[in-house]
Amino acid sequence: MKWMEDELALLAGASLERSLRDTVPVPGRAGYAVRGERRLLNLSSNDYLGLSQHPAILEAIRQSLPAEGGGAGASRLVTGNRSPYSRLEEALAAWQNREAALVFANGYMANCGVIQAVVGRGDAVFSDRLNHASIVDGIVLSRAEHARYRHNDMEHLRQLLHKHRDKRRKLIVTDAVFSMDGDRAPLRELVELKREYGANLMVDEAHSGGIYGERGEGLCSELGLGDEVDIHMGTFSKSFGVYGAYVCGSRTLIRWLVNKARPLIYSTALPPSILAGISTALELVQTERWRRDKLVASCLLFRSSLSAAGFHVGHGDSPIVPVIIGDNDRALRFSEALEENGIAAVAIRPPTVPDGTARIRFSLSADHSEAELTDAVSVICRLGLEFGVLNR
Ligand code: PMP
């Protein structure tokens, strides 16, 4: 395995090697984490609503353990389909106002499973260039043709739809909010194009579920497009503060997935205690509206403060605030300096983002107070000047 060492040395030389680091949670404070000796303001978590430390969720998980045990012991299609699944799926379908829902083990498996189940050889998937890796991997697994369009470029998408108009099935897939840029997909235009070309539309609400919409249903619902989206996917690992994922749509879609989605069929069901946690989180997402309101105010404060200081923070309004640095090594050193100053904000480098766009991806939580974020902005500005990310 000498070749691995050689390749790893190359990665390290380009400031592209990744490593695993212990991160310890702070009980009761979802917006903090401990690394080494330091307690850090966690600006790198997707726990947007701060639910991962919610006492009601922890209690639901705890209470279900004695009756349900530690693990499900089998796939959902064998004997792993415990009763909390059907209750949760009914609640999810009602929340999203769709006919049916299906829970997956996580978002990665949901995306891989859905795409691989609905398209195959002879079909085409039209996918935004900045879509999440799990969508890309689902397309590869499906063996359908991968037609990548430039980020949010509807003219490019139209050209590709035209080029592939004779394909057997056509699926357009997009993140609703892009995971590394925090901006929105043009969902209305996507719906128009899918209608025009007879395609299906799949939307990944991983970073918008729980945040947008009257009851946290996501961006599609906020825009009144719920019925137009054929496949609605989201995760429980971000705003919900737990783990797992869901797909909502027609009864036919869900029946199809139960029969064809390999990650659902060939993998053990989620631990039942996690389902109990998710069910409680689903109620809290809908009832504790103050979390969404506080988060929205924090996003505005944080983004506008950094932007006023001269940082380029992209075009979003979501809790994901990218500060593009470009150079991998500088991004890494900037992130290390942030940590030395009490802020956990990880450098995101290629291949997660395109070459030359290494960045700090800040992400906010409803657990952060205004004072904490204002202090963080001061630190980021001071270090921004020091590292030449901000011009004097
Ligand atoms: N979709 C998007 C847009 C994501 O950002 C992620 C996770 N980063 C996933 C899917 C995968 O979700 P999970 O973490 O639940 O596997």
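Residues numbered from 1 in each chain as written. Predicted model: local features only at pLDDT ≥ 70, side-chain atom pairs only at ≥ 80, totals over all residues.

- As recorded in an unreviewed UniProt entry, the protein goes by the name 8-amino-7-ketopelargonate synthase, listed as coming from Cohnella faecalis.
- Its UniProt record gives the protein the following Sequence similarities (unreviewed entry) comment, quoted word for word: "Belongs to the class-II pyridoxal-phosphate-dependent aminotransferase family. BioF subfamily." (UniProt positions renumbered as here; feature names shortened; annotations may be inferred.)

**Notes on the overall build of the protein**
Then comes step 1: Check the secondary structure of the protein and you find 14 helices and 14 strands.
Then comes step 2: Dimensions of the protein, computed from C-alpha atoms along their principal axes, come out at roughly 55 × 55 × 50 Å.
Then comes step 3: When burial is assessed residue by residue, the protein has 49% of its 392 residues classed as buried.
Then comes step 4: Residue pairs at least 24 apart in sequence account for 70% of intrachain contacts in the protein once pairs closer than 6 positions are excluded. (Helix = DSSP H or I, 4+ residues; strand = E, 2+ residues; numbered from the N terminus. Buried ≥ 20, exposed ≤ 12 C-beta atoms within 10 Å, placed from the backbone. Contact = placed C-beta atoms within 7 Å.)

**Some words on the sheet that holds strand E11 (residues 320-326)**
Then comes step 1: Read across the open sheet, the three strands follow the order E11-E14-E13; overall the sheet is antiparallel. On the outer flanks of this sheet lie E11 and strand E13 (347-348), each paired with one strand and no other.
Then comes step 2: Across two bridges, E13 lies against strand E14 (residues 358-363) in antiparallel orientation. If you follow Ile348 over to E14, its bridge partner there is Arg359.
Then comes step 3: Across the face of the sheet, helix H13 (residues 328-340) comes into contact with E11, E13 and E14 while running at roughly 35° to E14. (Pairing = 2+ DSSP bridges. Axes fitted to C-alpha atoms, helices over the stretch in contact; angles between N-to-C directions.)

**Focus on the packing of helix H2 (residues 55-68) against helix H11 (residues 272-287)**
Angle between the axes and distance between the axes: these two values describe a pair of packed helices.
Then comes step 1: In the contact formed by H2 and H11, the axes pass within 8 Å of each other and the chain directions differ by 150°. For the element pair H2 / H11, the angle class is roughly antiparallel. As for the relative orientation of H2 and H11, their crossing is right-handed in sense. Residues Ala56, Ile57, Ala60, Ile61, Ser64, Leu65 and Glu68 of H2 touch H11, and the partners they reach there are Pro272, Ser273, Ala276, Gly277, Ser279, Thr280, Ala281 and Leu284. (Parallel < 35°, antiparallel > 145°, perpendicular 65-115°, else oblique. Left-handed = near helix turned anticlockwise from the far one by under 90°.)

**Some thoughts on the environment of Ser75**
Then comes step 1: Within the element layout of this structure, Ser75 appears in the loop between H2 and helix H3 (84-96).
Then comes step 2: The exposure class of Ser75 is partly exposed, given the 15 C-beta atoms found within 10 Å.
Then comes step 3: Distance in space between the C-alpha atoms of Ser75 and Gly224 is 35 Å, their sequence separation being 149 residues.
Then comes step 4: Once you skip the residues sitting within four places of it in the chain, Ser75 turns out to touch Gly80, Ile265, Tyr266, Ser267, Thr268 and Ala269.

**Regarding the pairing of strand E2 (residues 29-35)**
On a regular strand, one side chain projects to one face of the sheet and the next to the other, so that they alternate.
Then comes step 1: As judged from the three bridges shared by strand E1 (residues 24-26) and E2, these two strands associate in the antiparallel manner. Residue pairing for E2: Val24 is matched across the bridge by Val34.
Then comes step 2: In this antiparallel pair of consecutive strands, E1 and E2, the connection spans two residues, and Gly28 shows a positive phi of 85°.
Then comes step 3: Relative to strand E3 (residues 38-42), E2 is paired through four bridges, and the arrangement is antiparallel. Across the sheet, Tyr32 pairs through a bridge with Leu41, a residue of E3.
Then comes step 4: The turn linking E2 back onto E3 is made up of two residues, and Gly36 within it adopts a positive phi angle of 60°.

**Some words on the nonpolar core**
Then comes step 1: Of all hydrophobic cores here, the largest spans 112 residues; its most connected members are Val114, Val125, Val247 and Ala281.
Then comes step 2: Ranked by residue count, the leading element in this core is H11, at eight residues.
Then comes step 3: Here this core spans two domains, and each of domain 1 (16-49 + 288-386) and domain 2 (74-269) adds at least three residues to it.
Then comes step 4: Contact partners of Ala281, with chain neighbours within four places excluded, come to Leu51, Ile57, Phe236, Phe240, Gly241 and Val242. (Core = buried A, V, L, I, M, F, W, Y, C linked by C-beta atoms within 7 Å. Domains from an automatic or database assignment.)

**Regarding the sheet that holds strand E4 (residues 100-104)**
Whether parallel or antiparallel, the strands of a sheet pair through hydrogen bonds between backbone atoms.
Then comes step 1: Reading across from one edge, E4-E10-E9-E8-E7-E5-E6 is the order of the seven strands in this open sheet, with mixed pairing throughout. Each edge of the open sheet is held by one strand with a lone partner, namely E4 and strand E6 (145-149). Ignoring strand direction, the axes of neighbouring strands in this sheet form an average angle of 20°.
Then comes step 2: Bridging between strand E5 (residues 124-128) and strand E7 (residues 170-175) involves four bridges; their strand directions are parallel.

**Re the packing of helix H4 (residues 107-118) against helix H5 (residues 133-142)**
Then comes step 1: In the contact formed by H4 and H5, the axes pass within 8 Å of each other and the chain directions differ by 35°. As for the relative orientation of H4 and H5, their crossing is right-handed in sense. Each of Gly107, Tyr108, Asn111, Cys112, Val114, Ile115 and Gln116 in H4 lies in contact with H5, whose residues at this interface are Ser134, Ile135, Asp137, Gly138, Ile139, Leu141 and Ser142.
Then comes step 2: Tallied by class, residues from the contact of H4 with H5 come to seven nonpolar, six polar and one charged. (Nonpolar A, V, L, I, M, F, W, Y, C, P; charged D, E, K, R; others polar.)

**What about the domain arrangement of the protein?**
Then comes step 1: When its domains are assigned, the protein resolves into domain 1 (16-49 + 288-386) and domain 2 (74-269).
Then comes step 2: Domain 1 and domain 2 are separated by 27 Å when their C-alpha centres are compared.
Then comes step 3: Listed as interface residues are 18 residues of domain 1 and, on the opposing side, 15 residues of domain 2.
Then comes step 4: Of all the secondary-structure elements, those providing two or more residues to the side of domain 1 that touches domain 2 are helix H12 (289-309) and E11.
Then comes step 5: Residues belonging to the side of domain 1 that touches domain 2 are distributed by class as follows: nine nonpolar, six polar and three charged.

**Concerning unusual backbone geometry**
Then comes step 1: Residue Pro351 is bonded to the preceding Pro350 through a cis peptide linkage, with omega at 5°.
Then comes step 2: Note that Pro351 resides in the loop between E13 and E14.
Then comes step 3: Positive phi is not limited to glycine here, since Asn97 has a value of about 55°.
Then comes step 4: Overall, Asn97 belongs to the exposed group, with 12 C-beta atoms counted inside 10 Å.
Then comes step 5: One non-glycine residue, Asn152, lies in the positive phi region at around 55°.
Then comes step 6: Relative to the helices and strands, Asn152 is located in the loop between E6 and helix H6 (154-163).
Then comes step 7: A count of 20 C-beta atoms within 10 Å places Asn152 in the buried class.

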